[in-house]
Each structure stands twice: as C-alpha cells, then as structure tokens.
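Residue strings, one per chain:
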Protein chains: 2
Amino acid sequence: MRDVAERAGVSPKTVSNVLTGSAQVREPTRLRVEQAMRELDFVPNLSARGLRNGRSGVIGLAQPDLRAAFSASMTHAVVEAAHARGLVVQVEETAAEPAREHDLVTRARTHLIDGMILNPVRLQDSVVEHLDHLPPIVLIGEVEQHRTDRVFINSRSAAREAVQHLIARGARRIVALGGAEHGAGLDKATQGQRLRGYLAGLAEAQLPARPELQVEVPEWTIAGGAAGMREVLERGVEFDAVLAFTDSIALGAMHELRSWGGRLPEDVLVCGFDDVEHASFAGTPLTTIAFDHQAYANAALDLLTSRMRDRGLPPRAQEIPYELLARASTQGPPAGFSGKNSPI
Amino acid sequence: MRDVAERAGVSPKTVSNVLTGSAQVREPTRLRVEQAMRELDFVPNLSARGLRNGRSGVIGLAQPDLRAAFSASMTHAVVEAAHARGLVVQVEETAAEPAREHDLVTRARTHLIDGMILNPVRLQDSVVEHLDHLPPIVLIGEVEQHRTDRVFINSRSAAREAVQHLIARGARRIVALGGAEHGAGLDKATQGQRLRGYLAGLAEAQLPARPELQVEVPEWTIAGGAAGMREVLERGVEFDAVLAFTDSIALGAMHELRSWGGRLPEDVLVCGFDDVEHASFAGTPLTTIAFDHQAYANAALDLLTSRMRDRGLPPRAQEIPYELLARASTQGPPAGFSGKNSPI
DNA sequence: CCCAGTCTTTACATCGATGTAAAAGACAGC
DNA sequence: GCTGTCTTTTACATCGATGTAAAGACTGGG
C-alpha cells in the first residue's frame, strides 16, 4: 500500500481512505490513487485488514457429509447467500462424528472465521457452555437447546404428516429408515425429531410402533439407505411403506427394493425428506417433504450477520415452512412386501 | 498472547516458541506456558499469523455449480485431502460464467488464500497472463494451455471409448448431450475434449457427425440434462444412444426419455461421465466413465502444496486413469427412439 | 485580505504473532 | 572459580491496513 501511496504522491492513509470510503477524498486525489492502484495491480491484504479490524469476512459451514445431496444443495444456497452479503464460505466436514463436531466448534476461533453455520448431528452441551468465547453460531436443523440461533423446519410435525399421508394411502407397516428408538435415535438432533414424528403419527392412527421396522442408518447417503433397506429385507420383515429420513436414503432404499423385486409404488410406498433435485427425477418420482433451501440459507445468514453485528442479541429460532409433495412413489394402496418372498 | 506470557511468567516470544516449536524451550517452562494457555483458553489468531508469515492455511476451490453431483463429490474429496494436510477449504461458485471465473482468479489474492483449485468452464488467456501475480493455481479438468499445474482424466480418449462401446452394443445414431460443434462447444475446456472424443469415435467407425444429434447443455445438472433431452425429442430426431457429458446430465436424460415412453436400454442406450454415487443406484444403473475422485483430489493437493513451497517449479500435468464401467444402461442392441412415435 | 469553520491529508500507534539478534543463564572442563 | 560453549530467554522490529488526532488546505463572510 505504501508503494501505491508513493506513486500517487499521497500518504498510505489516504489510499486506505480511498479503499474504505471512510473519509472524504477529493476527486482528483482519488483518481490519482485509483490510477496508481491499477498500475501496480494492487490488492489489499485481507489478513492485515482482518487483524486490524477483527473481522475476516469469512464464515464457516460445517456439515456431516458433503456428498449427500441435501448438503450439496445447502452448500450451494449458503455460498450464494454469503456471496450476496460480501462474505465467503469455508467448508468443513464433521463426518457424523460428534468428536469432530465438538472439535470444530471449540476451535472455531482459530479458523479465521467471523461466524459459523453448523448442521449438527449431535451437539454436546459442553460446547454450548463455551458459547461466550466462540464466534457467532447458527445451527441448521433441530437441536434440543435454545441458547444459539437456529433455523429449522418442524421435522417432527413433517414426519407425522408424512406418516399420516402414508397411512391415508393404505400403508399399515411403515419402516422408519434413519433412526430407531432402541439405539441412540432419540438423542440425535434432526434424526430424533423425525423419529418422534414417526412415532407420533403411528400413535395417532393407533398403529403399534414395531422395533423391527425401525432402522438406524449411520451414513445418510444413497449407499447408506440401500444398506439399511437390505438389513430389513434380509430379516424377512414384512412392510408396505418406507419413511426415509432423507431423500438420499429414500433413493438408496428404492434401488434396493427394486433389486429384490419390489414394485414401487404397487408393493411399497416411499416418502423422503428435503426435496433434492434428484427426488423428482427418480425412476419413480419421490414423494417428499419439500422446503425452500435458499430461503433456509438466507435465514441462517440473516441470523448470523445480525449477530455478528451485535453479539448481545437474545437467541432466536426461525422456522421455515415445509410442504408434503405427493409424487408417484406414494400412489397407494400398496400390496406389501418382505424379503422372504423375493426372487433373489 | 501477552496475557499468557504474563501468567506463565515468560516473554511473549517464549509462548510463540512453545506454539511453533521453532526454538527449544525447557520442559518446566513449556509446561508452565501450556498450563497458562489452557487456563486462559487461548487460541492463536490466524489473521495475525497469516499476516506475519504470509500464509493463511486456506485454499480456495472453485467450481461451476456446487449442486451438481460431481462437484459435490469433488468438494468432499478436496476437503478430506486438505484436512489431511492441515489446510482448510474456501469454496466459490463460478455458475458457469466466464466473467465470474475471471474475476475470481484475478482477485484471488484478496481472499486470504494460499492457493486455489479451479474447475474451469472456460479460462481466458488473459487470466493465465497474470499468473505471476497470483497465488498458485491447479486446474482440474481439461484446458488447452500448459502454463499452470493441471490434473485431468483424458476426456477425449474416454469419450471416444464410450462411443466405441455404444457402437459395439449396436448404437448408430448417438446423441452428444453436453456440447455441440456449431456452438461454442469446442472452445470450452472439458466440454470441448468430450465433444472431440465423441467426434473421433464416430469418425473411426465411419459414422457421420450429425449436427441435429449434438446438443449444448448450459447447466450440467439433472434438470439441464432433462431439458437437453427434451429438446432432441421435441425436434422428433431419431436416435438410439445418448452420450451424456456428466452423470447428472445422463440421469436427467434418462428421466425425460422414460417420461416420453422410451425404454432403457431396450430402445436407447445411455452412457455418462464421472461415476457419481447416484449412477449405480439409478433405476437403470448407468454405464459411465469412472475414476477415483479421491485420487484426483489428492493429486490436485499434492501439486498445489508443492507449488506453495516452491513457486519456481515448471508447470506439471497429472493424468488420472479412468475406466469405462459397463452397467445395465448400455445392454444393447437398442431399437431406436424418436419423440414422434411417443405416447406423450 | 484576514479569519473562523470546513474539508483533506498526514503522522503515529495499533491489531497479534514471529524472525532476528543479542542478552542471560546453564554447564562442563581446567 | 573462571572461561568458553551451548542453550534458553528477551527486546525489538516487522508483516499491511486503519482509527485517532492533529496539521494543513481550502471556502466564504466580513
């Protein structure tokens, strides 16, 4: 910057003033400075600026697995929303490990970021304890605590609605693909809410909650969904619908079902979550819980930037509306299916 | 840091020495310092460190559209590879706009990054001119210039091989879904190579290159692929195979074909590129050009980090091997199809 | 033509970590 | 006990941008 100043015949501070617009600079001076900046191909050093005024213009985005379609869609939306606000995004992966999640949050300050958006699998309380020492955090997805800002869809109610929908279309034995009561299912963030909604839906219809119809899926990917479905089929359990906790899981399940000879939706109904691009283009277009991913990201960034301006704000929670999109995959009534009578 | 030093009864430099390990520190002193750091919950400020030693530990990753399955997979792989090397990743989207690509590269220095991995759609020469003033760049994908480091698969040869495969399975009229000679097709990076390979494959088999079988697809997403396929079908052109330039395009095309009543692979064969997770789980599992995404990312990071250490290295290009994975979608021979005789 | 009041520009200190060079301390050997 | 070597610690300057406060350049009114 000194070089620019020298070339333009002014002091470094004047160059800085031109850049930040914080003080008035006379037209001819400004032009001279701009000319010099162009000639020297000058770019301000953000490390220095960050050091000086304590903000880097970078926010962090942490998700379990970037390959999952929903994460990819959310990353896109967050990058767009951040771009519109003059911020850039650093991505992190927690690989669904609570330890990495914990690590990431507590070490957030080291990472040059002004704030962070986290899609938690499970956020330990100990992390939230440290909140005062950490940069602003917005959680996306459901977590049972009210001390940070959050953006969420009402997963519990959505899952209940999905179950009602499946039951209305004739399903009676619905597989929950993504979480189980007997495991750590209810403990985990989004997973817990969807499982609760599933159970509530069954209870309302006075259908029993069968443990053999509840399957944990450690990785919420297509392969993970297929593996979960295979587990059910190999046990020979009979069922007539699947509530998958994400669209990726649903797509994997549908593939596995077809490869066992199941017909969709004639034998089994399937419903997913998130409405990723893929869902509507699947072999059997997938019924799913849809919501506006961009609105979700915008809300998260609004909460984050407002808190970056004022750390003293009370914790806020913003709910994004969802909608059940009925597609071909739940055109019932289903005949029912089990691994036993399959051709493979 | 001063506070830590004071609490441990040493000078700030000693604390720094403990952190960096650059100088010897006696055991008891080090323990005292570490104790003090823990007590004060101290985390070093990376902005300051970055300012001091000119490196931030952040690399940039720029791709056209993060929603595309291949981009998501690559982002995952790059984040993992970077993590293993103690780096973090900042993501950018170029939205397939050459202007944004140009902007990003020339302004790269402002973004606190030590280097950058770019999946270019079209990289203008003017950018490469500025290379000396820019941080290290590794291009992923094919670009017709040899002044930067690059990682690539031989797309031209892969496309030719795919065409040979389709012809061997009985195809004669192959749609190129992703690029066209008559447009700007040959100018663009990866797209150009795949188009050239397609044309080479046809020429070898002495089949004519028909302009009506070549379709540009501006967005390499599922929806983009479906739109491109629809265009062909609406024109009533007859064809018996589709070479889609990415798996996402292929999946969109397959969906569109099915909705016009086309049977896969009985009427039309389909081949994609990239082997994303989805390809093998599609209704009709997709034949595709597969390669190891993680190896690809590792190679890119190796090139990048070595250049970060020594800017003077000559430009290097590393080719990653690919393999044509034949799945159900190219079980020929195909009967042929056109929009005219469709039920819709 | 001078002066108060306003608009521009300048000098300097600062953010936090770390390289350099020199001072202080530890230790062995005579 | 003293010197010389080696290790550990210190003081200071520096990376680049910017806030503060003060100096300098201008305007218009008298």
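Preceding block: the structure.
Residues numbered from 1 in each chain as written. Chains lettered and ligands numbered in written order. Predicted model: local features only at pLDDT ≥ 70, side-chain atom pairs only at ≥ 80, totals over all residues. Heavy atoms only, no water.

Focus: the interface of chain A and chain B
Phase 1 of the analysis: Taken residue by residue, the interface counts 47 residues in chain A and 47 residues in chain B.
Phase 2 of the analysis: The contact between chain A and chain B buries some 4,300 Å² in all, and 62% of this surface belongs to carbon and sulfur atoms.
Phase 3 of the analysis: When the area that chain A buries against chain B is broken down by residue, the three leading residues are His76, Leu112 and Phe281 of chain A, summing to 15%.
Phase 4 of the analysis: If you look at where chain A meets chain B, you find zero salt bridges.
Phase 5 of the analysis: At the junction of chain A and chain B, the tally comes to 13 residue pairs in polar contact (both at pLDDT 80 or more).
Phase 6 of the analysis: Residue assignment for the side of chain A that touches chain B shows that the elements contributing at least two residues are helix H4 (46–53), helix H5 (69–84), strand S2 (88–93), helix H10 (222–234), helix H11 (247–259) and helix H12 (277–280) of chain A. (Contact = heavy atoms within 4.5 Å. Buried area = accessible area lost by both parts, 1.4 Å probe. Salt bridge = Lys/Arg side-chain N within 4 Å of Asp/Glu carboxyl O. Polar contact = N/O pair within 3.5 Å; in protein donor to acceptor, adjacent residues only side chain to side chain. Helix = DSSP H or I, 4+ residues; strand = E, 2+ residues; numbered from the N terminus.)

Side note on the layout of surface pockets
Phase 1 of the analysis: Approximately 870 Å³ is the volume attributed to the largest pocket.
Phase 2 of the analysis: Lining the largest pocket are 41 residues, and of these Arg67 and Ala69 of chain A together with Arg67, Ala69 and Ala72 of chain B lie nearest its centre.
Phase 3 of the analysis: Split by residue class, the lining of the largest pocket holds 16 nonpolar, 16 polar and nine charged. (1 Å grid on protein atoms, 1.4 Å probe; cavity = no way out; pocket = protein on both sides within 12 Å on 5 of 7 lines; lining within 4 Å. Points joined across faces, edges and corners; volume = space filled by probe spheres on them. Nonpolar A, V, L, I, M, F, W, Y, C, P; charged D, E, K, R; others polar.)

Brief notes about the nonpolar core
Phase 1 of the analysis: Counting 152 residues, the largest nonpolar core has Phe239 and Leu243 of chain A together with Phe239 and Leu243 of chain B as the members making the most contacts within it.
Phase 2 of the analysis: Ranked by size, the runner-up nonpolar core spans 16 residues in total, among them Leu112 of chain A together with Val58, Ile113 and Ile137 of chain B. (Core = buried A, V, L, I, M, F, W, Y, C linked by side-chain atoms within 4.5 Å. Buried < 20%, exposed > 50% of the residue type's maximum accessible area, 1.4 Å probe, protein only.)

Some points on the environment of phenylalanine 152 of chain A
All names here are of chain A.
Phase 1 of the analysis: Its location among the elements puts phenylalanine 152 in strand S5 (residues 149–152).
Phase 2 of the analysis: The spacing of phenylalanine 152 and asparagine 298 is 146 residues in sequence and 12 Å in space, taken between C-alpha atoms.
Phase 3 of the analysis: Residues contacting phenylalanine 152, with those up to four places away along its chain left out, are Gly141, Glu142, Tyr296, Ala317, Gln318, Glu319 and Ile320.

Section: the protein's contact with DNA strand D
Phase 1 of the analysis: Near DNA strand D you find 22 residues, and of these Met1, Arg49 and Arg52 of chain A together with Gln24 and Thr29 of chain B are the closest.
Phase 2 of the analysis: Near the protein, within 4 Å, the atoms of DNA strand D are sugar or phosphate in 63% of cases.
Phase 3 of the analysis: Note that a phosphate oxygen of DNA strand D is positioned 2.8 Å from one of the side-chain N or O atoms of threonine 14 of chain B.
Phase 4 of the analysis: Measuring from a base oxygen of DNA strand D, one finds a side-chain N or O atom of arginine 52 of chain B at 3.0 Å.
Phase 5 of the analysis: When contributions to the surface near DNA strand D are tallied by element, the ones reaching two or more residues are helix H2 (12–20) and H4 of chain A together with helix H2 (12–20) and helix H4 (46–53) of chain B.
Phase 6 of the analysis: With four residues, H4 of chain A is the single largest residue contributor to the surface near DNA strand D. (Near = heavy atom within 4 Å.)

Overview of the protein's contact with DNA strand C
Phase 1 of the analysis: Near DNA strand C, the surroundings consist of 22 residues, among which Ser11 and Thr29 of chain A together with Met1, Arg49 and Arg52 of chain B are the closest.
Phase 2 of the analysis: Of all atoms in DNA strand C that approach within 4 Å of the protein, 63% are sugar or phosphate atoms.
Phase 3 of the analysis: In this structure, threonine 14 of chain A approaches DNA strand C through a side-chain N or O atom, which is 2.7 Å from a phosphate oxygen.
Phase 4 of the analysis: Taking lysine 13 of chain B, its side chain carries an N or O atom lying 3.1 Å from a base nitrogen of DNA strand C.
Phase 5 of the analysis: Contributing elements (two or more residues each) for the surface near DNA strand C: H2 and H4 of chain A together with H2 and H4 of chain B.
Phase 6 of the analysis: Here the surface near DNA strand C gets four residues from one element, more than from any other, and that element is H4 of chain B.
Phase 7 of the analysis: For the surface near DNA strand C, the per-class residue count stands at eight nonpolar, eight polar and six charged.

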